[in-house]
Amino acid sequence: MTAPNAFPPDPQSNVFNQPGPEGVRAAFANQVAYCTANDAPLTAAVCEALSKVLDDDSQFGRAVLAWGGKPMADGLPLRCAAAFHDLYLTGKHPALNPLYAGDNNALEQAKTLIRQAIKRHDGDLLPWLDTPPQTNESGRSANFMAAMLWLAKQGLPNDFEICEIGSSAGINLMMDRYHYNLGGTLSGPDDAAMQLAPIWHGPPPPAQNISIASLRGVDLTPLDLTDKAQAQRLKAYIWPENRDRFARMETAIAAAQLAAPHLEQGDAADFVERAMAKPIAPHTTRILMHSIVWVYLPDATQNRIIAAMEKAGAQASKDAPLAWIMLESSRYTLRHELKVRYWPDPHGKEWHKLAESHAHGQWVKWMAGD
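None of the values given here were measured: they were computed from a predicted structure. (Residues numbered from 1 in each chain as written. Predicted model: local features only at pLDDT ≥ 70, side-chain atom pairs only at ≥ 80, totals over all residues. Heavy atoms only, no water.)

Bringing the overall build of the protein chain into the picture now. Helices and strands together make up the secondary structure of the protein chain, namely 12 helices and 12 strands. Against the globule reference of 21 Å for 370 residues, the protein chain gives a C-alpha radius of gyration of 21 Å, in line with a compact fold. C-alpha extents for the protein chain along the principal axes are approximately 65 × 45 × 35 Å. Expressed as a percentage of its 370 residues, the buried residues of the protein chain come to 56%. Here the analysis covers contacts within the protein chain between residues at least 6 apart in sequence; of these, 71% occur between residues at least 24 apart. For the protein chain, the centre of its 33 positive side-chain charges and the centre of its 40 negative side-chain charges are spaced 1 Å apart. (Helix = DSSP H or I, 4+ residues; strand = E, 2+ residues; numbered from the N terminus. Rg over C-alpha atoms; globule rule 2.2 N^0.38 Å. Buried < 20%, exposed > 50% of the residue type's maximum accessible area, 1.4 Å probe, protein only. Contact = heavy atoms within 4.5 Å. Lys, Arg positive; Asp, Glu negative; His and termini not counted. Charge placed at Lys NZ, Arg CZ, Asp CG, Glu CD.)

What follows is the structure in structure tokens.
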């Protein structure tokens, strides 16, 4: 089963997902373009420098160039970028300090600095290739909240049961504890420690009173925010130019220490199939949500999730509807789109594009009106 209207054409079929050196270098080039388009010039510079110094003279270089999977779908450039960011954050390689501080001279010498770091920390870099990227970000919760306000305006029950795949450390599973200012539309507890107010373009989402009955999530390799080493791993995946994200991460860590999010380890398709097989409680809207995860899922997993949602959607009712909210990126347009599908849908449309958004929630361009 396919979903031709759900996502842009599958990037996993492109050159940047071919195994071996050609695919690896193409993946790095695509990551450079992606970071540049998403206001991350420093991360782009690191990825570009990396792509030019990778060779067979190091264990790290050989392992990257000989990548046997799909470099872009596997997040290979991000794994590498996080490895070097971690060297900087932990103080293991002080020579990188000027580069991550954005010093112009250091940026011009990025290739030399990266090459020296590989030579000195060859063995330390290798473990970063072993596991997928973890890019949990509370700023994306603003998109999810805006989508739920829109769904409530469409007449769906305003009490939401939320299931999330690719939850990472579960930061978005704590979204009911955050306060939102979405172009002037306010939602969430006023005294929340996490205050999210993305730069808003276009009309605000509709003002609605909503409640969240439950939040549950799954990840193949979930992280524990309260574990110092695992939290450090998450910080390494934060793009260094987005300094406000570090403050949000600390706030999320504090929230998890008060009450851990409901997060389990497992396969995304298994999780969705189990969740969707359960009856929806009356006067409740069940939601599947995810952000920047779909491209990392194997085709078979995607197809199982689509099939489970279609089956559950066919059984949904006006009193117990089902919705699917996604914030996903296109490696073709380099944009992030907030899309929603719900069952039953009187408009007959499969997907409603509500907004375009920055990768980490800095801004939202609302397109849906009410």
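So, about the environment of Leu263. Summarising the element assignment, Leu263 is placed in strand β7 (residues 263-265). A relative accessible area of 22% means that Leu263 is categorised as partly exposed. In the structure, Leu263 is positioned 96 residues away from Ser167 in sequence and 7.5 Å away in space, judged by C-alpha atoms. Excluding its chain neighbours within four sequence positions, the residues that come into contact with Leu263 are Ser167, Ser168, Ala169, Gly170, Leu173, Gly217, Val218, Asp219, Pro222 and Leu223.

Further remarks concern the pattern of salt bridges. According to the stated counting rule, one finds 14 salt bridges in the structure shown. Here Glu356 and Lys353 are joined by a salt bridge, their closest N and O atoms 2.8 Å apart. Shared partners join several salt bridges into a network, and the residues in it are Glu137, Asp244, Arg245 and Arg248. (Salt bridge = Lys/Arg side-chain N within 4 Å of Asp/Glu carboxyl O.)

Next up on the list: unusual backbone geometry. A cis amide bond links Trp343 to the next residue, Pro344, at an omega of -15°. If you trace the backbone, Pro344 turns up in the loop between β10 (336-343) and β11 (352-357). With a phi close to 60°, Asp39 is a non-glycine residue in the positive phi region. You will see that His283, though not glycine, has its phi angle at about 60°, which is positive. Residue position: His283 is located in the loop between α11 (268-277) and β8 (285-291). Judged by its relative accessible area of 56%, His283 is exposed.

Going through the model one piece at a time under the given rule, you end up with 8 aromatic pairs. Members of the aromatic cluster, joined through ring pairs, are Trp294, Trp324 and Trp351. (Phe/Tyr/Trp six-rings, centres within 6.5 Å; stacked < 30°, edge-to-face > 60°.)

With respect to burial, β8 is a largely interior element, 7 of its 7 residues being buried. The alternating pattern of β8 places Thr285, Ile287, Met289 and Ser291 and Arg286, Leu288 and His290 on opposite faces, both of which are buried. The sheet contact formed by strand β1 (residues 159-165) and β8 spans 5 bridges and is parallel. The residue bridging Cys163 from the neighbouring strand is Leu288, located in β8. Looking at chain direction, β8 and strand β9 (residues 322-329) are connected through 6 bridges and run parallel. (Pairing = 2+ DSSP bridges.)

Once that is clear, we can look at helix α4 (residues 76-89). Helix length check: α4, at 14 residues, gives a terminal C-alpha distance of 20 Å against a target of 20 Å (1.5 Å per residue), a fit within 8%. In terms of burial, α4 is largely enclosed, as 12 of its 14 residues are buried. Considered for burial, the residues of α4 that qualify are Leu76, Pro77, Leu78, Arg79, Cys80, Ala81, Ala82, Ala83, Phe84, His85, Asp86 and Leu87. Where α4 terminates, the next one or two residues include Gly91, which has phi positive at roughly 75°. (Expected span 1.5 Å × (residues − 1).)

With respect to topology, 9 strands assemble into an open sheet ordered β5-β12-β11-β10-β9-β8-β1-β6-β7, the strand pairing being mixed. Looking along the sheet, the strands with just one partner apiece sit at the ends: β5 (199-201) and β7. The average angle at which neighbouring strand axes cross in this sheet is 20°, direction not considered. Across 5 bridges, β10 lies against β11 in antiparallel orientation. Each residue of the ladder has a partner; that of Val340, found in β11, is His352. Helix α8 (residues 141-153) rests against β1, β5, β6 (211-219), β8, β9, β10, β11 and β12 (363-366) of the sheet, and its axis sits at about 35° to β10. Along the sheet, helix α12 (residues 299-315) contacts β1, β8, β9 and β10; its crossing angle with β9, the most-contacted strand, is approximately 150°. (Axes fitted to C-alpha atoms, helices over the stretch in contact; angles between N-to-C directions.)

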